[in-house]
Amino acid sequence: MAFHKINLKINGVLEQVDVASNMTLLGMIREKLALTGTKNGCSAGECGACTVLMNGEPVNSCMVLAVECEGADIVTIEGLAHDGQLDPVQRAIIDSGGVQCGFCTPGILISARALLDRTPQPSDLEISEALVGNLCRCTGYLRIVDSIREASRM
Amino acid sequence: MATGTIKAKIPSPIGESKPRIDAQIKATGAATYADDIQFGVGLLHARIKRSPHPYARIKSIDVTKAKSLPGVKVVVTGEDFPGYIGLYLRDRHIFCRDYVRYVGDPVAGVAAVSEEVAEKAVELIDVEYEILEPVLDPEFGTSSNAPLIHPNLADYEVASFIFPKPGTNISNHFKIRKGDVESTWGKCAAIVERRYRVPHIQHVPIEPHVAIAKLEDDGKLTLWGSSQSPFAQRNLIAQCLGFSQSDIRVIAPYVGGGFGSKAGVSMESLAVVIALKVKGRPVKLLLTREEEFYTTFVRQGLVAYFKMGCDQNGKLLAMENTFYWDGGAYTEYGVNMTRAAGYSSSGPYEVPNVKTDSYCVYTNHPVTGPMRGFGMPELHAGLEQCIDELAREKGIDPVEFRRINCLKTGSILVTGNQMHPTGLPQCLEKVAEAIAWEKKAPPSAPNRRRGKGIAMMWKAPAMPPNAGSSAWVELTEDGRVNVGVGGQDLGQGAFTVSAQMAAAALGVPFEWVRVATPVDTRYSPYEWQTVASRLTWSMGNAIVNAASDARRQILDLVAEAWEENAENLDIINGVVVSYLSEREIPLKNMVIYGLPKPNDQGWMGGPIVGRGNFMPKYVTGLDSETGQGARAVVHYTTGVQAVEVEVDLDTGKVYVIRGVAAFDVGKAINPEMVKAQMEGGFVQGLSSALFESLQLKGGVVQNPSFVDYRIATSADVPSEIQTIIVEVPQDDGPWGARGIGEHAMVPTIPAIANAIYDAVGIRLEGPPFTSEKVFLGMLDAGVVK
Amino acid sequence: MINPHPGLPEFDYFKPASLVEASQFLASHVNQARPMMGGTDIFVRMRDGVWTDKYLVDVKNLDGMNEILFDPSNGLKIGASVNMNRVIASSEVNRNYPVLAEAASKVASYQLRTRATIVGNICNASPAGDTTGICMLLGGVLNVHGVDGFRQVSLDNFFLGPGKTVLQAGDIVTSIQFPLPPPGLAGRYIKLGRNNSSDLAIVGISVVGFPEKSTQSGYRFKLALASVAPVPLVVGNLESILTQKSINDETLTEAAQAAMDACNPIDDVRASARYRKLMVRNLSLRALKEVWEAIKQ
């Protein structure tokens, strides 16, 4: 099986990583870069726990090959805070009670950040729609939607 | 008291919606879950060879090709592990020996240098089976024609309150015989008789099960895992494998959702026995989502027969219930859900005559285990619909009918004892008011119909009579507090309320308290399990006792140093104060170094460590024939939910427009977190009502993935879920508190079913109320063409 | 027993530098190599062990596959690599082919739409594909590069069965193009899923309608169905009914019944045939009525 040496940016830092053809972006993030904030919930692109930003857009990292990320700009949950300051979406979800077990939280926050980047003042409907690819079993979603609405005002 | 003003300065954290202490670490991705722990290059990966048949005899297992694959360290089968494991009934081996009993039953396990190699090795294992006729229905399972799934049932160790029937597939038969049902039917002015079916569903924690096990050089075992029950896992695995409990160490980091699936022991034992064969190497088993759906625990299926009757005035007179629980291949845990449903089988109502037979039946379906509600959602799904039907039969409004019959303080329960003080009637009134029960709103479109439905529930923590909690409290030089607990935060907020209770009981600011996590059985104090919605109450009591113990030591020390009476001393905001002399001394330093004796004569005190435990002392058994007893359970949490729905006549789709919930939690230690449980439980209930079922065909789960097992997404929830806290204190709860975690999911299925009936006049035999089932139901009833 | 592998099987990832190189490689590794776009379907099948290709050939971003081009005299061309989110957000698509954006917006989730493409959706040839029906009704034509160079393939002749198309080894679809829509065209895509969003279609109804003076009714309607046949199903006699008879509730109802009669769905884990047929009838009527309201003069 072919191996590839790829160069990419992870959370603003240039990295060079050796990956097998069949390694996913999720696998590379967790196993090669030890960034374990991004989670593996289904390996099938359904639950969204593995959501990261790839060139500014949210993707299910379990459904992207690491080798496809040559030259890409990847942001994971660890890269959401800026200079030690929590991103407004993080601040808001903490304050709203939108975190329970926390396993869906990194993926949700990445989706939320991307939503606010493209739609700074989303309606509640737009927020719900943006989150359908992030499954949460604990919260019932309402406080998460509240938090994104709050974050859009910060 | 002179210094009342100091005390007023900070409000007690009890009843305050303090921020979660673990919210930030989870929101930054820094929280460590079991699959995040770095074990280094020595880590081995396990994969499991599973039975493709629901019932078969194992003729042979050939592991030679698997063993010789480069990178494979060991291949394990049940041959080396004859022990049985189980919580209430020891009916299962860790790896199958002789028989496989469900699709997915573990037959062999491989540890290899990578998951890929392990997976390849699993494919190289050849198993020959003699296929046997399976049991795929619990009612059939009780008949004499049904094949026996556990012919050795008589030999299994079983808890004293579980009654298996050897020679059958019935692993527990719980009975209620109260009053005289037979002679009462004649006195009933209305009778309803129905059958309801509740399918198997799965917990779907977003974090799949994961366990890492390592046999240490000294022969002791370490187990890391996503776990609700580190101490129970230690105990069960020890008993099965011949370890001494203290030679097993279980470390349980953050849990990404449990809902009962990570209680007891399921897949963890597989990692353990594989690790026993590769001493010194940690072995990780991480389940795929597909395996998660059918190889750990699923919720029991149920075929329930209800018959209930009331008098002219709508007062319930009699109930006759027969429950056939589809317990799956092994019912080591499931037997207790059968029992709990049995002793709860009247629903939250006073019924003078009750006959219940609750059967836990072995089938060749996936293994059933505890799921949020522990039999209560399955029970109430049909029961609360029957109540509605009986009310309507008698021409009585469903809320009024419940008002007449619901449990009140002092009501006689189905088990013969009395109901403790309860806010159930208040919950009913508040919910009826909040949903505007009397009003009928017009539908939002001409092809839709609107309806409202209401349902009540009750549940007690289902656990052995002597399930215990313990806690310790220690302080550091900076006056901060460390609380040791054995219970887990699954997301429900246990760590946060632990800190609140410790802070209040000790007299320090909430922000000074840390909870010593991850739970580690080497250092953490014993906790039976994080189940049954019992932690706030049971572990809370233990924490209060431990904090009070520490407080007493501190006050005794200062009293001695000041030559005052400890009764005049208090700890406020982390400062010891005397109401008498108005002297003050901060906790810092003193809690480690003690205080000097007067005149340089030495030292008093020392490091403060408080300890406490709690175990209910008053739980009695239930008569094995009648199900009657003085006090079967510790207490009940009760509550009510109502929903407003719209049904689309063209598609059958059910839209939940609005939900209201009220629960009597005794005392909301953290109100926002209690409300968050009510919201989350409502949505999980909604999801189980509208979308979820494990579709079993020939014992095979047809939809073990998110593609075809649908759970509620953000687009499926109503824009408003109103949550109401009712507080009628629990006499032995900390500040009066009792649990809420499970209860929030219990009445949602029947509330929605009752609302669908109100909207379009049809009832279905059971959930999920998918668009298809609702549409075809309307079609067959002539409501639509 | 449904028990997919935890990870992807071994394969070699190959990224060709040009379309010619790509087609040559695919043609010379028949049954061993597969072209890859967003991968959302490929990875699932590989985990299942259904697809065992030795090579995945990444054909994203080759020669002009990354553009949305609208020419007011020619129509719309969407490159094969253009992800669904870009299609949904495109002002040219929204102004001139809004029903295409509507259909694309019903696909899966935002994350998956960052990777999913219209062309990929079509080449996957799933009967449940959300955008295939609309693409057919809008007259979509595929630009295909193969070992013999470029050719065009109309969607009308493209689908052979579930997962089967007329594409040969070496073929890479580089774009899909649509002629200018007839003036006054309106369309609707109604998707019925089990829950409110992100599901696969139990049934999918694609409808377009536009004024056409030369017909007896003065209008032309076209309707295609997803998830009720091995291929996306265009209901031919519906078109006849609604060109011949004047458009009113009665004829629309007749047309919806024709749609129901034309399909032969199966029972599967998602829905029963009986329900699917009735939903085709009910939702076709709904879609037809909404389009009629939008185009009637």
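Residues numbered from 1 in each chain as written. Chains lettered and ligands numbered in written order. Predicted model: local features only at pLDDT ≥ 70, side-chain atom pairs only at ≥ 80, totals over all residues. Heavy atoms only, no water.

If you tally the helices and strands in chain C, you get 11 helices and 14 strands. Since a compact globule built from 297 residues should have a radius of gyration of about 19 Å, the 19 Å found for chain C is in line with a globular shape. Taking the principal axes of its C-alpha atoms as reference, chain C extends roughly 60 × 50 × 30 Å. Classification of the 297 residues of chain C by burial places 59% in the buried group. Sequence separation of 24 or more characterises 61% of the internal contacts of chain C that already satisfy a separation of 6 or more. Counting only carbon and sulfur atoms, one obtains 49% of the accessible surface of chain C, whose full area is about 11,600 Å². The centroid of the 29 positive side-chain charges in chain C is displaced by 4 Å from the centroid of its 27 negative side-chain charges. (Helix = DSSP H or I, 4+ residues; strand = E, 2+ residues; numbered from the N terminus. Rg over C-alpha atoms; globule rule 2.2 N^0.38 Å. Buried < 20%, exposed > 50% of the residue type's maximum accessible area, 1.4 Å probe, protein only. Contact = heavy atoms within 4.5 Å. Areas by Shrake-Rupley, 256 points an atom, 1.4 Å probe, with all protein chains shown as cover. Lys, Arg positive; Asp, Glu negative; His and termini not counted. Charge placed at Lys NZ, Arg CZ, Asp CG, Glu CD.)

Topologically, Gly38 of chain C is positioned in the loop between β2 (33-36) and α2 (40-48). Relative accessible area serves as the criterion here: at 7%, Gly38 of chain C is assigned to the buried category. Sequence-wise, Gly38 of chain C and Thr165 of chain C are 127 residues apart; in three dimensions their C-alpha atoms are separated by 18 Å. With residues near it in sequence (within four places) discarded, Gly38 of chain C still touches Met63 of chain A together with Phe43 and Arg115 of chain C.

Any two side chains of opposite charge can pair if their charged atoms end up close together. Counted by the stated rule, this structure contains 77 salt bridges over all chains. Among the ionic pairs, Arg149 of chain A bridges to Asp146 of chain A, the shortest N-O distance being 3.0 Å. Of the two residues, Arg149 of chain A and Asp146 of chain A are both situated in helix α5 (residues 142-153); the distance of 3 residues between them amounts to about one turn of the helix. One salt-bridge network, held together by shared partners, links Arg194, Glu384, Asp388, Glu389, Arg392, Arg402 and Arg763 of chain B. (Salt bridge = Lys/Arg side-chain N within 4 Å of Asp/Glu carboxyl O.)

Let's shift gears to the interface of chain B and chain C. With 42 residues of chain B in contact, the opposing surface of chain C contributes 29 residues. For the pair chain B and chain C, the summed buried surface comes to about 3,000 Å²; carbon and sulfur atoms form 49% of the total. Between the two partners, chain B and chain C, sit 8 salt bridges. The salt bridge involving Arg47 of chain C is made with Glu290 of chain B; its shortest N-O contact spans 2.9 Å. There are 24 residue pairs in polar contact (both at pLDDT 80 or more) connecting chain B and chain C. Taken together, the elements giving at least two residues each to the side of chain B that touches chain C come down to β1 (44-50), α4 (115-123), α8 (289-294), β30 (700-701) and α18 (771-780) of chain B. Considering every element that reaches the side of chain B that touches chain C, the biggest residue donor is α18 of chain B, with 6 residues. Across the side of chain B that touches chain C, the residue classes break down as 14 nonpolar, 10 polar and 18 charged. (Buried area = accessible area lost by both parts, 1.4 Å probe. Polar contact = N/O pair within 3.5 Å; in protein donor to acceptor, adjacent residues only side chain to side chain. Nonpolar A, V, L, I, M, F, W, Y, C, P; charged D, E, K, R; others polar.)

Membership of the largest hydrophobic core comes to 331 residues, with the highest contact counts inside it found for Leu506, Ile554, Val576, Ile752 and Phe769 of chain B together with Phe221 of chain C. Examining the composition of this core, we find that 15 residues originate from one element, helix α14 (residues 535-562) of chain B, more than from any other. When sequence neighbours within four positions are dropped, the list of residues in contact with Leu506 of chain B reads Val473, Leu475, Val481, Ala547, Ala550, Arg551, Ile554 and Ile571 of chain B. Among the nonpolar cores identified, the runner-up in size contains 53 residues, and Ala33, Leu100, Val107 and Leu155 of chain C belong to it. (Core = buried A, V, L, I, M, F, W, Y, C linked by side-chain atoms within 4.5 Å.)

This part covers the sheet that holds strand β12 (residues 203-211) of chain C. All names here are of chain C. Strand order in the open sheet formed by 4 strands is β11-β12-β13-β14, with antiparallel pairing between adjacent strands. Lying at the two open borders of the sheet, with one neighbouring strand each, are β11 (186-192) and β14 (233-234). Here helix α5 (residues 98-105) sits on the sheet in contact with β11 and β12, set at roughly 10° to β11. Helix α9 (residues 236-244) contacts β13 (219-226) and β14 of the sheet and is inclined by roughly 160° relative to β13. (Pairing = 2+ DSSP bridges. Axes fitted to C-alpha atoms, helices over the stretch in contact; angles between N-to-C directions.)

Further remarks concern the domain arrangement of chain C. Residue and element names in this part refer to chain C. Splitting chain C by domain gives domain 1 (12-58), domain 2 (68-178) and domain 3 (186-295). Facing 20 residues of domain 2, the contacting portion of domain 3 comprises 19 residues. At the boundary of domain 2 with domain 3, total buried surface from both sides reaches about 1,600 Å², with 66% on carbon and sulfur atoms. Connecting domain 2 to domain 3 are 6 residue pairs in polar contact (both at pLDDT 80 or more). (Domains from an automatic or database assignment.)

All names here are of chain B. Taken as a whole and judged by the stated rule, the model has 28 aromatic pairs over all chains. A centroid spacing of 6.4 Å and a plane angle of 75° characterise the contact between Phe174 and Tyr343, whose relative ring orientation is edge-to-face. Here Tyr343 lies in helix α9 (residues 334-343) and Phe174 lies in strand β7 (residues 170-178), a separation of 169 residues in the sequence. Of the two residues, Phe174 and Tyr343, both sit in the buried class. Taken together, the ring pairs in this structure connect Tyr88, Phe161, Phe297, Tyr333 and Phe374 into an aromatic cluster. The residue whose ring lies beneath Arg448 is Tyr655, and the NZ or CZ to ring-centre distance is 4.1 Å. For the cation-ring pair, Arg763 lies above Tyr757, with the distance from its terminal atom to the ring centre recorded as 4.6 Å. (Phe/Tyr/Trp six-rings, centres within 6.5 Å; stacked < 30°, edge-to-face > 60°. Lys NZ or Arg CZ within 6 Å of the ring centre and 35° of its normal.)

Before going further, it helps to spend a moment on the interface of chain B and chain A. Between chain B and chain A, the contact holds 50 residues from the first and 39 residues from the second. Together chain B and chain A conceal approximately 3,500 Å² of surface at their shared face, both sides included; 57% is due to carbon and sulfur atoms. Ranking the residues of chain B by area buried against chain A places Ala27, Ile206 and Ser714 of chain B at the top, with a combined share of 19%. The interface formed by chain B and chain A holds 6 salt bridges in total.

Another aspect to go through is the pairing of strand β5 (residues 75-79) of chain C. Residue and element names in this part refer to chain C. β5 sits mainly inside the fold: 4 of its 5 residues count as buried. Relative to β5, strand β4 (residues 68-71) runs antiparallel, the two being bridged by 4 bridges. Across the sheet, Asp71 pairs through a bridge with Gly75, a residue of β5. Hairpin connection between β4 and β5: a loop of 3 residues separates the two successive antiparallel strands.

Next up on the list: the packing of helix α2 (residues 88-96) of chain A against helix α3 (residues 105-118) of chain A. Residue and element names in this part refer to chain A. Taken N-terminus to C-terminus, the directions of α2 and α3 make an angle of 125°; their axes are 9 Å apart at the nearest point. Compared by their axis directions, α2 and α3 come out oblique. The two elements α2 and α3 meet at a crossing, and its hand is right-handed. Across the interface between the two elements, Pro88, Val89, Gln90 and Ile93 of α2 pack against Thr105, Ile108, Leu109, Ala112, Arg113 and Leu116 of α3. Each residue belonging to the contact of α2 with α3 can be placed in one class, and the counts come to 7 nonpolar, 2 polar and 1 charged. (Parallel < 35°, antiparallel > 145°, perpendicular 65-115°, else oblique. Left-handed = near helix turned anticlockwise from the far one by under 90°.)

So, about the domain arrangement of chain A. Residues and elements named next belong to chain A. Under the domain assignment, chain A is made up of domain 1 (3-79) and domain 2 (88-152). Domain 1 and domain 2 are separated by 21 Å when their C-alpha centres are compared. Contact with domain 2 buries area across many residues of domain 1, yet Lys39, Thr51 and Ile77 alone supply 39% of it, more than any other trio. At the boundary of domain 1 and domain 2, one finds 3 residue pairs in polar contact (both at pLDDT 80 or more).

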